[in-house]
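# Chains, contacts and geometry: an overview
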Amino acid sequence: MTKKKGGNPPKFFEQGADIMIIKRDYYLNKLIKKQNSGRVKIITGIRRCGKSFLLFNLYKNYLLDNGVKDDEIISIALDDINNIKYRNPFRLNDFIKEMTSDKSKHYYVFIDEVQFSEMVANPYLEKEEKTVSFVDVLLGLIKEDNLDIYVTGSNSKMLSKDILTQFRDRADEVHVEPLSFQEIASLYDSSSAALETYLAYGGMPRIFALETDEEKSAYLKNLYSQTYIKDILERNVIQSADEILETLLKFLASSIGSLTNPYKLAKRFASEKHINISSTTIAKYLKYFEEAYIISEAERYDVKGGRYFSTPNKYYFSDIGLRNALLNFRQIETNHIMENIIYNDLKRRDYNVDVGVVETEKLINGKRQKVQLEVDFVVNKASKRYYIQSALNVDSEAKREQETNSLKKIDDSFKKIVVLKDNIVPRRDEIGILYLGLEQFLLDDKAIDL
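## Re a nonpolar patch on the surface
Together, F90, Y124 and L125 make up a nonpolar patch on the protein surface, roughly 360 Å² of accessible area in all. Inspection of the secondary structure puts Y124 in the loop between β4 (120-121) and β5 (131-132).

This is the structure we're talking about:
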């Protein structure tokens, strides 16, 4: 299949022979490394980001290509109405046991959207609080030597501290993000056309099977109303709060890159919508969004003091297209969108990412006063640390000073980086700050180590 000219990529994830598939080797290799590890593999991520395709198509095809027979791969999707009875963990257990009864074979068990499995009472105990869940099913199945088990889930409650404790260190998580710019860039005739589309519509896989801007916009908006908000209302048993939830998401969408907290958001409801809602309720709803992987909270870290601030923090959307759709594509501020995309790509690379704060002194009205300067991202993995600023440009000395002032106040030896919107030849300034173009940063995971 040949690529289309201009900004429209070829279709993929469609039925029929004429298909282009994005392999997602980064995640596929993670699964391959964990194959037959004796542990449950839990694939998490926002709904419609490609978890199921990764497991049921890409990984399944890998197994088939490497000698596994089709009848040795047992698949079940719990979000399918036809499988609703298997949301009962006892029936799910019976189904898998029946399908894997031949002990002479080695089976691969795929369970899609396992969070749909319900907790039920243990019929053998009198106390009602003693329940049975999918965790009990998986812990029982993993003891079978001829089973290798994989599940997908779209809600982080399934990986809460209590549930992970129940797994007794017998599970590994593979978290899947929407498509990265690195994954979609080759679909286009030019990286600039790819970036233009990515900044507007993000990386939800279905987007790249749609032709027009209207179709893409409608699809992203529909995800909120028919999938994400509906799931949150049902899962958390919330009545008549869909408009509140959507408004809260819009508030967050309009302020990415800005500090906020539940108290500020509650005041905004009162002033803009004339709705009184407590900060406690706001905090609860924010947690629901995080559990559904719609947003991610970035805490503020005191670079010099080595401590975290409790509030306010920043929130970023897991997919920038979803964020833009909430605002009807009317607030396309490239600087804020850049910041969100850089954050997502750092998280995709398995870095720990915080918002940095550098406390220093400044002469104000003749007096020296303490001020806080911001570093967009403090990025950590093992012994490595990077300080990263996102900037549209540094085309004047005043602009360069504005973007690098906080970096200059950090006196440790870790790398300091400014990511710029335009393509540039990577360079360092006189104090060692590295300047990279956004495309190079997104396309090359090793660029920050230049």
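## Here we look at the packing of helix α8 (residues 213-235) against helix α9 (residues 242-253)
Across the interface, α8 lies against α9 with an axial gap of 10 Å and an inter-helix angle of 110 degrees. As summarised for this structure, α8 and α9 are arranged roughly perpendicular, according to the angle between their axes. Considering how the two elements wind past one another, α8 and α9 form a crossing that is right-handed. Note on element contacts: α9 touches α8 through D242, L245, E246 and L249, opposite Y224, I229, I232 and L233. Within the contact of α8 with α9, the residues separate by chemical class into six nonpolar, no polar and two charged.

## Regarding the pairing of strand β3 (residues 107-112)
Judged by how many residues are buried, β3 sits mostly within the fold: six of six residues are covered. Here β3 shows no split at all, with Y107, V109 and I111 on one side and Y108, F110 and D112 on the other all buried. With five bridges joining them, strand β2 (residues 73-77) and β3 adopt parallel strand pairing. The residue bridging I76 from the neighbouring strand is I111, located in β3. Handedness of the crossover joining β2 and β3 through helix α3 (residues 89-99): right-handed. By the bridge criterion, five bridges tie β3 to strand β6 (residues 147-153) in an arrangement that is parallel. Among the inter-strand pairings, I111 is bridged to a residue of β6, identified as V151.

## What about the sheet that holds strand β7 (residues 171-175)?
Taken in spatial order, the five strands of this open sheet run β2-β3-β6-β1-β7, and their pairing is parallel. The two strands at the open ends of the sheet, each matched to only one other strand, are β2 and β7. For this sheet, the mean angle separating the axes of adjacent strands, direction not counted, is 15 degrees. The sheet contact formed by strand β1 (residues 40-44) and β7 spans five bridges and is parallel. Bridging from a neighbouring strand, V40 pairs with A171 of β7.

## Here we look at the packing of aromatic side chains
This structure, assessed with the given rule, holds 17 aromatic pairs. Ring centres of Y59 and Y150 lie 5.0 Å apart, and the angle between their planes is 50 degrees; this geometry places the pair in the tilted category. Residue Y59 is found in helix α2 (residues 51-65), and its partner Y150 is found in strand β6; the two are separated by 91 residues along the sequence. Relative accessible area serves as the criterion here: at 0%, Y59 is assigned to the buried category. Its relative accessible area of 0% is what places Y150 among the buried residues. Both rings, one in Y316 and one in F377, keep their centres 5.9 Å apart while their planes meet at 55 degrees; by these two values the pair is tilted. Linking Y316 in strand β9 (residues 307-317) with F377 in strand β11 (residues 367-381), this pair joins segments that are 61 residues apart in sequence. The residues Y316 and F377 share a single accessibility class, namely buried. The rings of F56, Y59, Y62, F110 and Y150 are connected pair by pair, giving a single aromatic cluster. K41 extends its terminal NZ or CZ atom over the ring of Y150, reaching a point 4.8 Å from the ring centre.

## Structural notes on helix α10 (residues 262-273)
Taking 1.5 Å of rise per residue, the 12 residues of α10 would be expected to cover 16 Å, and the 15 Å separating its terminal C-alpha atoms lies within 8% of that figure. Buried within α10 we find L265, A266 and F269. Axial view of α10: buried residues confined to an arc of 105 degrees, hence all on one face. Projecting away from the buried face of α10 at angles above 90 degrees are the exposed residues Y263 and S271. Residues of α10 that are buried in the fold lie against α9 and α11 (279-291). Where α10 ends, the next residue or the one after it, H274, has phi of about 55 degrees, a positive value.

Basis of the calculations
- Residues numbered from 1 in each chain as written.
- Predicted model: local features only at pLDDT ≥ 70, side-chain atom pairs only at ≥ 80, totals over all residues.
- Heavy atoms only, no water.
- Patch = residues over 30% accessible without salt bridge, like charges linked within 9 Å, V, L, I, M, F, W, Y side chains within 5 Å.
- Areas by Shrake-Rupley, 256 points an atom, 1.4 Å probe, with all protein chains shown as cover.
- Salt bridge = Lys/Arg side-chain N within 4 Å of Asp/Glu carboxyl O.
- Helix = DSSP H or I, 4+ residues; strand = E, 2+ residues; numbered from the N terminus.
- Axes fitted to C-alpha atoms, helices over the stretch in contact; angles between N-to-C directions.
- Parallel < 35°, antiparallel > 145°, perpendicular 65-115°, else oblique.
- Left-handed = near helix turned anticlockwise from the far one by under 90°.
- Contact = heavy atoms within 4.5 Å.
- Nonpolar A, V, L, I, M, F, W, Y, C, P; charged D, E, K, R; others polar.
- Buried < 20%, exposed > 50% of the residue type's maximum accessible area, 1.4 Å probe, protein only.
- Pairing = 2+ DSSP bridges.
- Right-handed = clockwise from strand over helix to strand, strands pointing away.
- Phe/Tyr/Trp six-rings, centres within 6.5 Å; stacked < 30°, edge-to-face > 60°.
- Lys NZ or Arg CZ within 6 Å of the ring centre and 35° of its normal.
- Expected span 1.5 Å × (residues − 1).
- Arc of directions from axis to C-beta.

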